[in-house]
Amino acid sequence: MGSLRRGLPLLLLGLLLAYLAVVPLVLLTLSSFKPEGFLDDEGWVLDNWRAVYLGRDLWPMLRNTVVFALGSTAAALLMGTLLAWLVERTDLPGRGIVRVMIVLPLATPPLLLAIAWVLLLSPRTGFFNFALMDLLGLQTAPLNIFSMGGMIFVEAMVLLPSVYLMLAPAFRNMDPNLEHAAFVSGASVWTVVTRIVLPLLRPAILAAAVFMLIVCLVVFDVPGAIGMPVRVFVVSTLIYIWATESPTGLPLYGQVAALAALFVVVLVGLGVVYQQLSLQGQRFATVSGKGFRPRPMPLGRWRWPAAAMVWVYFFLATIAPLAVLLVTSLLPFQTRITWEVLGGLTWENHLAFLGNPRLVLAVKNTAVVALVSATAVALLSLLVSWAVVRSKARGRYVLDLLAFLPMGIPGVMIGVALITVYLTFTAIPIYGTIWILVVAYTTTFIAYGTRTTNGVMLQLHRDLEEAASVAGAGYWRILRRIVLPLALPAVVAVWVWVMAHAARELSTALMLHGRNNTVISTLLWNFWSGGDGPRAAAVGVWLMVALFLLVGCWQLLARRQEAR
Amino acid sequence: MNRPPHDTLVGRRALLGAGAALAATPALAQNAAMEELARAAARESGPAVWYESSPQEQTDRVIAAFNRRYPNVRVQHVRLVGGVDIAARMVQEARTPGQSADIASVSADQIWNLNGRNLLAQVDWQRLGLTREQAPAPFTVNIAAAAYVIVYNRNLVPADAVPRGWDDLLDPRWQGRTGTWLISHPFAQLTKAWGEPRAVEFTERYARLNPMLFRSTFTLAQQIAAGELPIGLGLWHATQPVIARGAPVEIVTLDPTPTTSIWTSVARLAPSPNTARLFVAWLATAEGARAYEDATQRGSALIQGTRTAEMLRGKTVVEYGPEETDQFRRWLTRFNDVLKAGGREAG
């Protein structure tokens, strides 16, 4: 009876995750064996698998996809780790503002960010290209965003804030005594970073790497806006064409599902590797019963060069694209930015957005969806990570895998699965409402949440919880009084990340768009797809303002917390 | 619960009355049928849900015009991404009676698919005043068409290079400087006017110019307005927003003109079938067609007085109809490959 009571929370958590992850996966599998991919189709076939894996489209695109995914992940990981270390562990000047600036691009829908970079680096109208041609006296544009390199660059910019948010809490939780001991023993900065810091952060870095790799397999915004026009096709291009522009007149869900099986296999493989490498969790525990106060590592003569590098990064990653989007939002139509066009700026796009009759409803819906999804993902992530890292139950790694699985399912198929589920189980009347979006985002973003909280949970030494347990504290008390306060930076980071992503997310919102669930991103899409790029940019600017306030408040609270 | 076929929904007596009137004076009978339908529609509890891919700011204006004519009848537009998405949603919703949309506006191949799955209501549209051209089959109505045109930036195309027809699109000076939609709809439609060899050759030659391929013709128009490309093959209505905002963009109409018609149908399981039929029939009237064209820039080539009909006057309009879907799909698949491969394969 006692063991049942102890195992009950784990069981309930498992059931909830199974509902979120396994239902779409089962529907996905069934769909791949149906003639046109709809569950009501008659008969079972292997045609979709044959069309995908014996067809001529997949393999060349897979090569591009691997280059794109590895390149983007490596670039984002390298810069994200460096920035997280500089901001969280060193005496870099202006760290408070830097923290806010790094996560600011989270508010920008990737589609708009890609458009911003087209405006900056396209060969015939790119602002930077013209500036460089003027400066260097060149006849042709030196840079071309429409290339694999351009795709990797922009995707790395999209991913970087997520890498930072995944790694920053882990850096923050590291006991500085280890580094100080190394310095006292005469170790150089390089030695400390490569022999102490990076090995200790291995679970968090690995989690971020695995997460980003999978994201790059399924992401379409950047490849669609930058690669597709010049025929740099990746696997997600195939998914896009099959799902929305199929020559049959109906989406080829069966083929999308068969292709998704490849993602799920890759994901499970990476997930198992990740678990194997994280098994010896105690090796990474740096937060123990011994108290420590974070002390920033002095950068010495590298302090200002590091600051300069960080600000150059800000200029490229944040200021330049945001500025170009802001200017575009003030133009009557999308055009090359010159001194002449700056003379004709207008507020009309912003007024059109602010005067939209659906704005109030869309803002309310977006706020509810983002708040509820973020809170659900943050709480679930904490519970799942705690169970996975602390529990000794046999099935605990299944929990971790369940939380990770939805990442490998293309968003379009999660949408299809949810539509099918809630059209079938009408007792849960959420079809066409904002709540189906909440379920979709919780399912999709739980993978990010658990990657982040797992990394931090591995750093917490068992002795704190064991001491509490010996003193008579129960599970919930230990969770509330010990685990939650220590993991709070990571939980809050997850909450902010999900808030931002749920607020800007477009493809699932469009897929599940119904009678009563218009959100801000669908308003943005209304403008964009109706030929009003500048008005879409205006929506993007307001989204960024909202997130800037959110992130600003978060940082303010975090600083107060640190000061106590 | 199984629903009765739609023609029994208005009431047998009303239809008999309308039928008798039809025998006497057709126009009067059609008006009477529409008025009776409007009364039945006003009694329906919910709004008719209309799946269509235009922005809601545009369809609001269409519905407002409809409500000026029929103030007590409610229609709610739900915007889905495109025709494929709409067709998929209709298929999925069919599993749950009561959840279905009432009206779907999609292209010929999608409407053919939906009818093949028995998801569309069979309606006697002629009784409501529609011509055979507008409603060639009982399951659908042609309400408007999107026409393909050459789009160019007048600041980037010199006077001696201003295009006049299809062949000018193949000018070598546009090598790497032209663009079109990723999906080869206009090229596939050309086979109907030119036959296979010429359409294939044209598409391959165009593809060898290495055109940029866009997800949407709206994006293409924006890129031409921005100056990234001097010229492209786009859609008339997708170019109107940038022209309206003062971009230096011009349009050249083509002969033959490929079009993609918007076919609109009532769902077999429509919760508000009378409202749905009334709305579709109204869209096919001169008033409805003008309202739809004013809002979405896509008008009916079948109704005199619309800008689209004016633009296409004297031109050969080419498009595969719903019943030719299988043939059209084969061309589309083949020409999509040609565009994607930059003209290297013709299948």
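These figures come from a predicted structure and were not determined experimentally. (Residues numbered from 1 in each chain as written. Chains lettered and ligands numbered in written order. Predicted model: local features only at pLDDT ≥ 70, side-chain atom pairs only at ≥ 80, totals over all residues. Heavy atoms only, no water.)

## Section: the pattern of salt bridges
- Tallied over the entire structure, the rule returns 26 salt bridges over all chains.
- Among the ionic pairs, Arg117 of chain B bridges to Asp41 of chain A, the shortest N-O distance being 2.9 Å. Taken as a pair, Arg117 of chain B in the loop between helix H5 (108–116) and strand E4 (141–153) and Asp41 of chain A in the loop between helix H1 (2–32) and helix H2 (47–53) lie in two separate chains rather than in one.
- Among the salt bridges present, the one from Glu250 of chain B reaches Arg154 of chain B, with a minimum N-O distance of 2.7 Å. Here Glu250 of chain B is found in strand E8 (residues 249–252), whereas its partner Arg154 of chain B is found in the loop between E4 and strand E5 (178–181), with 96 residues between them in sequence.
- What makes Arg154 of chain B partly exposed here is its relative accessible area of 42%.
- Connected through shared salt-bridge partners, Arg56 and Asp57 of chain A together with Asp337 and Lys340 of chain B make up one network. (Salt bridge = Lys/Arg side-chain N within 4 Å of Asp/Glu carboxyl O. Helix = DSSP H or I, 4+ residues; strand = E, 2+ residues; numbered from the N terminus. Buried < 20%, exposed > 50% of the residue type's maximum accessible area, 1.4 Å probe, protein only.)

## Comments concerning the interface of chain B and chain A
- In this assembly, 65 residues from chain B lie in contact with 69 residues from chain A.
- Among the residues of chain B in contact with chain A, Arg95, Arg215 and Arg245 of chain B are the three that bury the most area, contributing 16% of the side total.
- Put simply, chain B and chain A have seven salt bridges between them.
- Among the salt bridges present, the one from Arg56 of chain A reaches Asp337 of chain B, with a minimum N-O distance of 2.5 Å.
- Taken together, the connections running from chain B to chain A amount to 26 residue pairs in polar contact (both at pLDDT 80 or more).
- In terms of residue count, helix H4 (residues 83–93) of chain B provides more of the side of chain B that touches chain A than any other element does, eight residues in total.
- Per-class residue counts for the side of chain B that touches chain A are 30 nonpolar, 18 polar and 17 charged. (Contact = heavy atoms within 4.5 Å. Buried area = accessible area lost by both parts, 1.4 Å probe. Polar contact = N/O pair within 3.5 Å; in protein donor to acceptor, adjacent residues only side chain to side chain. Nonpolar A, V, L, I, M, F, W, Y, C, P; charged D, E, K, R; others polar.)

## Details of the confidence of the model for chain A
- Model confidence for chain A is summarised by a mean pLDDT of 85, while 95% of its residues fall at 70 or above.
- Across chain A, the element-wise mean pLDDT spans from 79 in helix H25 (residues 533–563) of chain A up to 94 in H2 of chain A. (pLDDT = per-residue confidence, 0-100.)

## Thoughts on the confidence of the model for chain B
- Of the residues in chain B, 91% have a pLDDT of 70 or more, and the chain-wide mean is 89.
- Throughout residues 1–23 of chain B the model reports pLDDT below 50, and contacts reaching past four residues in sequence, or to other chains, amount to 26 contacts.

## A word on the pairing of strand E7 (residues 231–235) of chain B
All names here are of chain B.
- Among the five residues that make up E7, five are buried, leaving the element largely enclosed by the rest of the structure.
- Burial along E7 is two-sided: the face carrying Ile231, Leu233 and Leu235 and the face carrying Gly232 and Gly234 are both buried.
- Pairing of E4 with E7, which is carried by five bridges, proceeds in the antiparallel orientation. What sits directly across from Ile150, in E7, is Leu233. (Pairing = 2+ DSSP bridges.)

## Description of the packing of aromatic side chains
- Within this structure, the stated rule accounts for 30 aromatic pairs over all chains.
- With a centroid separation of 4.4 Å and an interplanar angle of 10 degrees, the aromatic rings of Phe220 of chain A and Tyr240 of chain A are classed as stacked. One end of the pair, Phe220 of chain A, is in the loop between helix H10 (202–218) and helix H11 (221–227); the other, Tyr240 of chain A, is in helix H12 (residues 235–244), and 20 residues separate them in sequence. Residues Phe220 of chain A and Tyr240 of chain A agree in their burial class; the two are buried.
- Measuring from centroid to centroid gives 6.5 Å for Trp50 of chain B and Tyr292 of chain B, while their planes differ by 50 degrees, and the two rings are tilted. Separated by 242 residues along the polypeptide, Trp50 of chain B in strand E1 (residues 48–52) and Tyr292 of chain B in helix H11 (residues 286–296) bring together distant segments of the chain.
- One aromatic cluster is present, formed by Trp50, Phe66, Tyr70, Phe279, Trp282 and Tyr292 of chain B through successive ring pairs.
- Lying across the ring of Phe404 of chain A, Arg451 of chain A places its NZ or CZ 4.3 Å from the centre. (Phe/Tyr/Trp six-rings, centres within 6.5 Å; stacked < 30°, edge-to-face > 60°. Lys NZ or Arg CZ within 6 Å of the ring centre and 35° of its normal.)

## A short note on the environment of Ala341 of chain B
- Within the fold, Ala341 of chain B resides in the segment after helix H13 (325–340).
- For the pair Ala341 of chain B and Ala207 of chain B, spaced 134 residues apart in the sequence, the C-alpha separation amounts to 7.8 Å.

## What to know about helix H8 (residues 176–184) of chain A
All names here are of chain A.
- The set of residues buried in H8 consists of Pro176, Glu179 and Ala182. Each buried residue of H8 lies within a common arc of 120 degrees when the element is viewed along its axis, so the set occupies one face.
- Structurally, H8 contributes buried residues whose contacts are with helix H3 (58–89) and helix H9 (189–200). (Arc of directions from axis to C-beta.)

## Details of the domain arrangement of chain B
Residues and elements named next belong to chain B.
- According to the domain assignment, chain B contains domain 1 (6–142 + 263–297) and domain 2 (145–259 + 312–340).
- Contacts between domain 1 and domain 2 engage eight residues on the former and ten residues on the latter.
- When the area that domain 1 buries against domain 2 is broken down by residue, the three leading residues are Asp109, Trp112 and Gln297, summing to 58%.
- Applying the counting rule to domain 1 against domain 2 returns zero salt bridges.
- One can count one residue pair in polar contact (both at pLDDT 80 or more) joining domain 1 with domain 2.
- At five residues, the largest contribution of residues to the side of domain 1 that touches domain 2 is made by H5.
- Class assignment of the residues belonging to the side of domain 1 that touches domain 2 gives a composition of four nonpolar, three polar and one charged. (Domains from an automatic or database assignment.)

## Some words on the environment of Leu46 of chain A
- Tracing the backbone through its elements, the reader meets Leu46 of chain A in the loop between H1 and H2.
- Here the alpha-carbon distance between Leu46 of chain A and Val22 of chain A, two residues 24 residues apart in the chain, equals 22 Å.

## Thoughts on the environment of Phe425 of chain A
- Relative to the helices and strands, Phe425 of chain A resides in the loop between helix H19 (411–424) and helix H20 (434–457).
- Note: C-alpha distance between Phe425 of chain A and Asp175 of chain A (250 residues apart in sequence) is 50 Å.

## Some points on a nonpolar patch on the surface
- Side chains of Leu8, Leu11, Leu12 and Leu15 of chain A sit close together on the surface and give an oily, nonpolar patch of about 390 Å² of accessible area.
- Residue placement: Leu15 of chain A occurs in helix H1. (Patch = residues over 30% accessible without salt bridge, like charges linked within 9 Å, V, L, I, M, F, W, Y side chains within 5 Å. Areas by Shrake-Rupley, 256 points an atom, 1.4 Å probe, with all protein chains shown as cover.)

## So, helix H8 (residues 217–226) of chain B
Residue and element names in this part refer to chain B.
- Within H8, ten of the ten residues are buried, which leaves the element mostly enclosed by the surrounding structure.
- Regarding H8, the residues found buried are Thr217, Phe218, Thr219, Leu220, Ala221, Gln222, Gln223, Ile224, Ala225 and Ala226.
- For H8, the capping residue at the N-terminal end is Ser216, with a side-chain oxygen 2.9 Å from the backbone nitrogen of Phe218.
- Of the residues trailing H8, Gly227 is marked for its positive phi of about 100 degrees.

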